[in-house]
Amino acid sequence: MAERRPRNVADLGIAIRNNQLIRQNKFAVEFVGSVLNQFDNGFKLKDATLQTESINFPGRNLATVERRSHGVVQEFPYEHQFSGDIEIVFKLLDFGNGVTMRTIIEDWMDVIVSRSNSAVEAAQGNNMILQDRSSYTCEMRLFGYAQGDDFLDFSAPPKMTGVATEVFPKTISAMQFSDTADSYQTLTVGFSFREFTQF
C-alpha cells in the first residue's frame, strides 16, 4: 500500500520559492482588432489595464450525454463549453468632453446594432443589421503575473496568458449612485466570446 510522506510548513516554503505564486492583483488586459478604429476613442481599449478593476477568466466544462448499455448510467463527453461571458469591472474615468468607458462601450455596441433610423433599417423594419462577425469583434488578451513582476512593463513576460476570440460587448450592467456611498463609480460589462485558450 502506498504511503504519503508527511508535509510541513517548510515544504510549502520551498514550493513557493521554487514556483512563483500568480497574484490576483497583477494582471493586464488588451483588446486587439480593427473594430477599435470604427468608433470614437476605441483606442483606449487597446490597453485597458489601468481602467480595469477586476476581470474573470472564463470557466470551462465538458458537455456530456448519458448512456447505459448495462449496469449504471455513464456520462460521455462530446464537446467543451465555456461558462458564461467574460465580465470586466472598469473604473469609470472621465476622459473629458463627456467621454467615459460607458460611452466608448456604447459606441462599440452601436457599431454592431445601430440606434439610428437609416433607410436600410427602416426597410427591414428593425435596427438589426446583419454583418460579418469579423467586422465588429476583436481579440481580448489577458495576462497574469507573479509577485515580483512589473505588470505595467510591456517587456515583462507574463506567467499565464489567456486569449479570447470574436469578442464583443454584450451587456452593460446598471450603475448605482447613492448619497450614502463613499467610493468611485464602476462599470460592469459582459463580453461575449467564441473561444478561450489559456497558455
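Residues numbered from 1 in each chain as written. Predicted model: local features only at pLDDT ≥ 70, side-chain atom pairs only at ≥ 80, totals over all residues. Heavy atoms only, no water.

Before going further, it helps to examine the overall build of the protein. Looking only at helices and strands, one finds 3 helices and 9 strands in the protein. The secondary structure elements of the protein, listed N-terminal to C-terminal, are α-β-β-β-β-β-α-α-β-β-β-β. Each of the 199 residues in the protein was classed as buried or not, and the buried ones make up 30%. Contacts spanning at least 24 positions in sequence make up 66% of the contacts within the protein whose residues lie at least 6 apart. Accessible surface for the protein amounts to roughly 13,300 Å². Of this, 51% is attributable to carbon and sulfur atoms. (Helix = DSSP H or I, 4+ residues; strand = E, 2+ residues; numbered from the N terminus. Buried < 20%, exposed > 50% of the residue type's maximum accessible area, 1.4 Å probe, protein only. Contact = heavy atoms within 4.5 Å. Areas by Shrake-Rupley, 256 points an atom, 1.4 Å probe, with all protein chains shown as cover.)

This part covers the side chain of Thr-188. By the element assignment, Thr-188 lies in strand 8 (residues 186–192). Non-local contacts of Thr-188, meaning those with residues more than four positions away in its chain, are made with Glu-87, Ile-88, Val-89, Thr-171, Ile-172 and Ser-173.

Where charged atoms from two side chains of opposite charge approach closely, those side chains can pair. Within the structure shown, the criterion is met by 6 salt bridges. Its salt-bridge partner being Arg-133, residue Glu-166 comes within 2.5 Å of it at the nearest N-O pair. Within this pair, whereas Glu-166 is found in strand 7 (residues 160–172), its partner Arg-133 is found in the loop between helix 3 (119–124) and strand 6 (138–146), the two being separated by 33 residues in sequence. Owing to a relative accessible area of 22%, Glu-166 belongs among the partly exposed residues under this scheme. One network of salt bridges, with partners in common, ties together Arg-133, Glu-166 and Arg-194. (Salt bridge = Lys/Arg side-chain N within 4 Å of Asp/Glu carboxyl O.)

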